[in-house]
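# Secondary and tertiary structure notes
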Amino acid sequence: PLQEIHVPTLVIHGAADPIVPLAQGVYSAKAISGAKFIVFPDGGHLAYITHLEQSRPALLDFLREHAPG
C-alpha cells in the first residue's frame, strides 16, 4: 500500500499518458506522505524521458535535497 511508503518520493507523470491515467499519479502523490508531484501536461507514458530538459533538473534537485549526509 502506498500509505506505507515513508521515504522521499518523487512522482513524475505525463497528463497525456495513454497507459496510466493521470488520476493514478495524483492518487499516488497524495497517498505517499510528503511526496513531490510533477506533471507534464503534454507528456505521455515516458514523460520523464521525452521531457528530459525539464525532468532532469527536477530529479537532480530532488536527489540533492534528499542525499544522505
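Everything that follows concerns the structure shown earlier in this document.
Every chain's residues receive numbers from 1 upward, in the order its sequence appears when written. Per-residue local features of the predicted model are confined to residues with pLDDT of at least 70, and side-chain atom pairs are confined, for both listing and counting, to 80 or more; whole-chain, interface and lining totals are unaffected and use all residues. Think of the side-chain values as coming from all heavy atoms in the structure, minus any hydrogens and water.

## Details of the environment of Val26
Keep this limit in mind: Strands are runs of DSSP state E lasting at least two residues, helices are runs of H or I lasting at least four, and both sets are numbered from the N terminus onward. A 1.4 Å probe rolled over the protein chains alone gives each residue an accessible area, and that area as a share of the maximum for its type sets the label: buried under 20%, exposed over 50%, partly exposed in between.
Mapping Val26 onto the fold places it in helix α1 (residues 22-31). Residue Val26 is classed as partly exposed on the basis of its relative accessible area, which comes to 29%. Taking C-alpha positions, Val26 is 9.8 Å from Ile12, a pair spaced 14 residues apart along the chain.

## Section: a nonpolar patch on the surface
The cut-off we apply is this: Patches here: salt-bridge-free residues with over 30% relative accessible area, like charges joined within 9 Å, nonpolar side chains (Val, Leu, Ile, Met, Phe, Trp, Tyr) joined within 5 Å. Per-residue accessibility takes into account occlusion by the displayed protein chains alone, with areas from the Shrake-Rupley method and a 1.4 Å probe. We define a salt bridge as a contact between a side-chain nitrogen of Lys or Arg and a carboxyl oxygen of Asp or Glu at a distance within 4 Å.
Residues Leu22, Phe37 and Val39 make up a contiguous nonpolar surface patch of about 190 Å² in total accessible area. Here Phe37 is to be found in strand β2 (residues 36-40). By relative accessible area, Phe37 is classed as partly exposed at 30%.

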